[in-house]
Amino acid sequence: MKLLAASVAVLLAAIAPAFAADPPGKKVFDRQCVYCHGPAIDAPGTRQLARTRGNDKALLTERKDLGKEYVQYVVRHGLKSMPAFAPADLSDADLKALAEFLGR
Amino acid sequence: MTAPLPPGVSAEAMAGTLEHFRRIVGAEWMFTGEKVESYHDPYPIANDDTRFKAHAAVAPSSVEQVQEIVKAANASGVPLWPVSRGKNFAYGGAAPVLSGSVVLDMSRMNRILEVNEKFGYALVEPGVSYFDLYDYIQSKGLKLWLDVPDPGWGSVMGNALDHGVGYTPYGDHFMMQCGLEAVLANGEVVRTGMGAMPGNNTWQLFKYGFGPYVDGIFSQSNFGIVTKMGIWLMPDPGGYRPYMITFEREEDIEQVVEIVRPLRLANVIQNAATIRSLVLDAAIFSTRSQYTSEKGPISASVARKIMDDQQIGMWNFCGALYGPPAITDALWTVIRDSFAKIPGAKFYFPEDRKRRPDTLIHRADTMRGIPKLTEFGFLNWAGGGGHIGFSPVSPTTGADAIKQYRMVSSRVREAGFDYSGLMAIGFRELHHVTVIVYDKTSAEERARLDKLFRQLVAEAAAEGYGEYRTHIAYMDAIAGTYRWNDNALMKMHQTIKDALDPKGILAPGKSGIWPKHLRGGGNA
């Protein structure tokens, strides 16, 4: 019985991350950013970052060098071909969550 | 930079009005100072930094709040610039024609009020994007298809009201509009068509109701603020086969369009198909620096290199067949045999395309109403990120198509830009959309583009070609070309404007229509 309980505990621990809720910022990313900056082969933001910064910096969700304030600044002001996102479309609260998700 | 004030409005009056707005929507949804920067035109052309700048922005969440805002604006004379989602990029985005206006951002009014599978329509608020509506339809498993423009983040309503187009058989978005609700400048709410009858159940089924048909006066206009709109949706056609036909030579456009006209009129070509230029298609997935380091427009040898590399032509006809195989097979036979008369024509289905990413694979999504942002890849063609569309309308004839192409492409190239364009096929006309990609950080390039654009407008008008839609910087110029009979149409617009909005608080300058106190030019 003890063995069974221990096995269940190990199993639960193993699968727990899969059931953990996505961080709020991921939800914002998936709604607002993924079409340009997602992993799809034709995502224009990802393709342009691959050209200008290299493949290792193409996907925003895998970047380790983005500051939270930088994320917030770019979203509100735009960068090159990327337009700014207005606060009625992407609220301050959502932007903060996005910065937490993408920024380091 | 100090926030600009509109003509005739004091700083005190503006402050008082903004305070009133703040009480209506809550402080969280009233934007001033640095937050207004996100409402600037992301692709500016003017080198005068005082133009097209909003003073503030306010974001209501309900029709009632819109009514209250309009009444407050009417009391103080503060002009409003309504936007559905503010994503009308290349046409000014959310930026107002008149500096000092307050942007009325309706992004928060984003309810999908109804999607009716039985009759094929949706009733939406201004803030509903193509992504939103698509996701809703998919989540409910409804057998309905959207028609989408290239950027999927735009407003379903805003795009239709600005006469935007897509690529399915429902490609003329305003043609598919049925019934709307608008807040007038005095705060009154009206419903058009059958919506004017209490208890009626055909608001989204029959456009005209009884009496004058007025929906059109709320499109590309400043006569009211549209708060609800019906849009017809295509039933799942039960089969789908996208295709691409490539043509080798620039001059082929003449014969291609001659073949297109009877096929489109007879609905053999079922959708709002496009004939796309080499650079437009190449630019989506590549940059010019991958092919040349030469300055100025690409040479013939570079063009050949791109064509070979990407399996595309000097012109690329992207179309699709909709329906069960028995129908699409028959239509394809006629289409294929018609275009096979053009030497060098090549025919492709998606399974014939091996390169990834690929133009046809991408267009296949768009032509079945899947919203995306992929097309924005072309902004990276030359670096710098700016773009604008010059879009004259012409009859669907080969003679007009080649004349248009030569007129526009020669001027564009003389100005040092690559020609990148498409001919969007309507039932009886072509929208010749030339997309000029420029370096928005270069004042010299912006000045060169401005000169070019004004020249294009004037030369097109001299040949009888008028633009269907434009950037906020050119609304006066283009309105001025629709001047038959001593500007009779503009005079009528002004009469309506004065009657519906006597204080001129709604979108001054939209489509060249100015309120009485601002007429005479120089206000933009």
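Procedures and definitions
- Residues numbered from 1 in each chain as written.
- Chains lettered and ligands numbered in written order.
- Predicted model: local features only at pLDDT ≥ 70, side-chain atom pairs only at ≥ 80, totals over all residues.
- Heavy atoms only, no water.
- Pairing = 2+ DSSP bridges.
- Helix = DSSP H or I, 4+ residues; strand = E, 2+ residues; numbered from the N terminus.
- Axes fitted to C-alpha atoms, helices over the stretch in contact; angles between N-to-C directions.
- Contact = heavy atoms within 4.5 Å.
- Phe/Tyr/Trp six-rings, centres within 6.5 Å; stacked < 30°, edge-to-face > 60°.
- Buried < 20%, exposed > 50% of the residue type's maximum accessible area, 1.4 Å probe, protein only.
- Buried area = accessible area lost by both parts, 1.4 Å probe.
- Salt bridge = Lys/Arg side-chain N within 4 Å of Asp/Glu carboxyl O.
- Polar contact = N/O pair within 3.5 Å; in protein donor to acceptor, adjacent residues only side chain to side chain.
- Nonpolar A, V, L, I, M, F, W, Y, C, P; charged D, E, K, R; others polar.
- Patch = residues over 30% accessible without salt bridge, like charges linked within 9 Å, V, L, I, M, F, W, Y side chains within 5 Å.
- Areas by Shrake-Rupley, 256 points an atom, 1.4 Å probe, with all protein chains shown as cover.
- pLDDT = per-residue confidence, 0-100.

Another point: the sheet that holds strand β8 (residues 177-183) of chain B. Residues and elements named next belong to chain B. Pairing is antiparallel across the open sheet formed by five strands, whose spatial order is β5-β6-β10-β8-β9. Because the sheet does not close on itself, it has two edges, and the strands there are β5 (112-116) and β9 (189-191). On average, adjacent strands in this sheet sit at an angle of 10° to one another, irrespective of strand direction. Of the strand pairs in this sheet, β8 and β9 are connected by three bridges, and their pairing is antiparallel. Paired with Glu181 across the strands is Arg191, a residue of β9.

Residue and element names in this part refer to chain B. Strand order in the open sheet formed by four strands is β1-β2-β4-β3, and the pairing between neighbours is mixed. A strand with exactly one partner marks an edge of an open sheet, and here the two such strands are β1 (30-31) and β3 (80-83). Note that β3 and strand β4 (residues 102-105) share four bridges and pair parallel. Within β4, the residue paired with Leu80 across the bridge is Val102. Its contacts with the sheet place helix α2 (residues 63-76) against β2 (56-58), β3 and β4, and it is angled at close to 160° to β3.

Attention shifts here to the packing of aromatic side chains. Residue and element names in this part refer to chain B. Enumeration over the complete set of coordinates arrives at 24 aromatic pairs over all chains. On the numbers, 5.6 Å between centres and 70° between planes, the contact of Phe89 with Trp153 is edge-to-face. With Phe89 in the loop between β3 and β4 and Trp153 in the loop between β7 (144-145) and α4 (156-161), the pair connects residues that are 64 residues apart, well separated along the chain. Assigned by exposure class, Phe89 and Trp153 land together as buried. Pairing Trp315 with Tyr405 gives two aromatic rings, centres 5.1 Å apart and planes at 75°, and the pair type is edge-to-face. Of the two residues, Trp315 sits in strand β14 (residues 315-322) while Tyr405 sits in helix α10 (residues 398-414), which places them 90 residues apart along the sequence. The exposure class of Tyr405 is buried, given its relative accessible area of 4%. Put simply, the rings of Tyr243, Phe247, Phe317, Trp332, Phe339, Phe347 and Phe349 pair up and form one aromatic cluster.

The next subject is the interface of chain A and chain B. Accessible area lost upon the coming together of the parts serves often as the stated size of an interface. Between chain A and chain B, the residue contacts involve 22 residues of the former and 35 residues of the latter. Taking both sides of the interface into account, the surface hidden between chain A and chain B amounts to around 2400 Å²; carbon and sulfur atoms contribute 57%. A salt bridge links Asp42 of chain A to Lys372 of chain B; its shortest N-O distance comes to 2.8 Å. Across the chain A-chain B interface, the total number found is twelve residue pairs in polar contact (both at pLDDT 80 or more). Of all the secondary-structure elements, those providing two or more residues to the side of chain A that touches chain B are α2 (24-37), α3 (44-53) and α4 (68-77) of chain A. It is α3 of chain A that provides the largest number of residues to the side of chain A that touches chain B, a total of four residues. Across the side of chain A that touches chain B, the residue classes break down as ten nonpolar, four polar and eight charged.

Attention shifts here to a nonpolar patch on the surface. Taken together, the side chains of Phe119, Leu205, Phe206, Tyr208 and Tyr213 of chain B present a nonpolar region at the surface, about 480 Å² in accessible area. Of note, Tyr208 of chain B is situated in the loop between β9 and β10 (225-232).

Here the focus is the confidence of the model for chain B. Considering every residue of chain B, the mean pLDDT works out to 97; 99% of them sit at 70 or more. Scoring the predicted complex yields pTM 0.95 and, for the interface, ipTM 0.94.

Attention shifts here to unusual backbone geometry. Residue and element names in this part refer to chain B. For the peptide bond that leads from Arg356 to Pro357, omega is -10°, which places it in the cis range. As for its placement among the helices and strands, Pro357 is situated in the loop between β15 (346-348) and α9 (359-366). Positive phi values are uncommon outside glycine, yet Asn267 reaches one of about 65°. Tracing the chain through its elements places Asn267 in the loop between α5 (252-265) and β13 (274-277). Look at Asn267 and you get partly exposed, because its relative accessible area is 41%.

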